[in-house]
Amino acid sequence: MKWTAAVLPLSWLLAATPPAAGKAAGAGLAAFEIEGDAVDKPLGGFKGVAERGGKIIADRRSGNCLICHAVPAIAEPFQGRIGPSLAGVAKRLSIGQMRLRLIDLSRLKPNTLMPPYYRTENLTDVAPAYQGKPILDAQQIEDVLAFLARQTEPK
């Protein structure tokens, strides 16, 4: 498969080094505070919309979550098996725990393959059009979380 600017491989945002724990924000990003293994407050104070979140997860050009994760609630072919299934994820993790994993899982697992979706610093191999921009903005992160919060049934 040939990658274009619209469909990005996981390596396009692999972290060179994870940032330090604690308060965090990048240029133009909403500030957030990490408490333990979670970010409990919504980014930018946004309220997520589950329907938009499902579309972001399924969209191979924006969230691209299905490249690594299976999401049985989404009827799309070719779902990934690299990352854990997201079926029942709301029973396993709190919203705050999921939020930190979307923001930047490397803060918990430095060698993760999951790209940081809300970080712009200390990244390698970023296409020029995407430099200085997070994969998802604060509203999109909250939309994805609203969708994931409904995933309570394991399949």
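The rules behind these values
- Residues numbered from 1 in each chain as written.
- Predicted model: local features only at pLDDT ≥ 70, side-chain atom pairs only at ≥ 80, totals over all residues.
- Heavy atoms only, no water.
- Helix = DSSP H or I, 4+ residues; strand = E, 2+ residues; numbered from the N terminus.
- Buried < 20%, exposed > 50% of the residue type's maximum accessible area, 1.4 Å probe, protein only.
- Contact = heavy atoms within 4.5 Å.
- Areas by Shrake-Rupley, 256 points an atom, 1.4 Å probe, with all protein chains shown as cover.
- Core = buried A, V, L, I, M, F, W, Y, C linked by side-chain atoms within 4.5 Å.
- Disulfide = S-S within 2.5 Å.
- Axes fitted to C-alpha atoms, helices over the stretch in contact; angles between N-to-C directions.
- Parallel < 35°, antiparallel > 145°, perpendicular 65-115°, else oblique.
- Left-handed = near helix turned anticlockwise from the far one by under 90°.
- Nonpolar A, V, L, I, M, F, W, Y, C, P; charged D, E, K, R; others polar.
- pLDDT = per-residue confidence, 0-100.

(A) Structural context of the overall build of the chain. Of regular secondary structure, the chain possesses 4 helices and 2 strands. Taken from N to C terminus, the helices and strands of the chain fall in the order β-β-α-α-α-α. Looking at the 155 residues of the chain, the share that counts as buried comes to 43%. For the chain, restricting intrachain contacts to residue pairs at least 6 apart in sequence, the fraction spanning at least 24 positions comes to 61%. Surface exposure of the chain reaches about 8400 Å², of which carbon and sulfur atoms provide 56%.

(B) Main features of the nonpolar core. Of all hydrophobic cores here, the largest spans 30 residues; its most connected members are Ile57, Tyr118, Ile141 and Leu148. Counting only elements with at least two residues in this core, the list comes to α1 (50-58), α3 (95-104) and α4 (138-148). Ranked by residue count, the leading element in this core is α4, at 7 residues. Residues in contact with Tyr118, not counting those within four places in the same chain, are Leu29, Ala30, Phe32, Leu43, Leu102, Ile103, Pro134, Leu136, Asp137, Ala138 and Ile141.

(C) Layout of the state of the cysteines. Under the defined criterion, the tally for this structure stands at 0 disulfides. Take Cys68: it sits in no disulfide, and the sulfur closest to it among the cysteines is that of Cys65, at 8.9 Å. Taking the relative accessible area as the measure of exposure, Cys68 reaches 9% and is therefore buried.

(D) Main features of the packing of α3 against α4. Across the interface, α3 lies against α4 with an axial gap of 10 Å and an inter-helix angle of 135°. By the angle between their directions, the pair α3 and α4 is classed as oblique. Seen from above, α3 lies across α4 with right-handed handedness. Contacts between α3 and α4 involve Ile95, Met98, Arg99 and Leu102 from the first element and Ile141, Glu142, Val144, Leu145 and Leu148 from the second. Looking at the contact of α3 with α4 residue by residue, the class counts come to 7 nonpolar, no polar and 2 charged.

(E) The arrangement of the confidence of the model for the chain in detail. In the predicted model, the chain carries a mean pLDDT of 86, and the fraction of residues at 70 or more is 83%. In this model, residues 1-16 is a region of pLDDT below 50 whose contacts with residues beyond four sequence positions or in other chains number 40 contacts.

(F) The arrangement of unusual backbone geometry in detail. For Phe78, which is not glycine, the phi torsion reads 60° and is therefore positive. The class for Phe78 is exposed, based on a relative accessible area of 76%. With a phi close to 55°, Asp125 is a non-glycine residue in the positive phi region. Of note, Asp125 is situated in the loop between α3 and α4.

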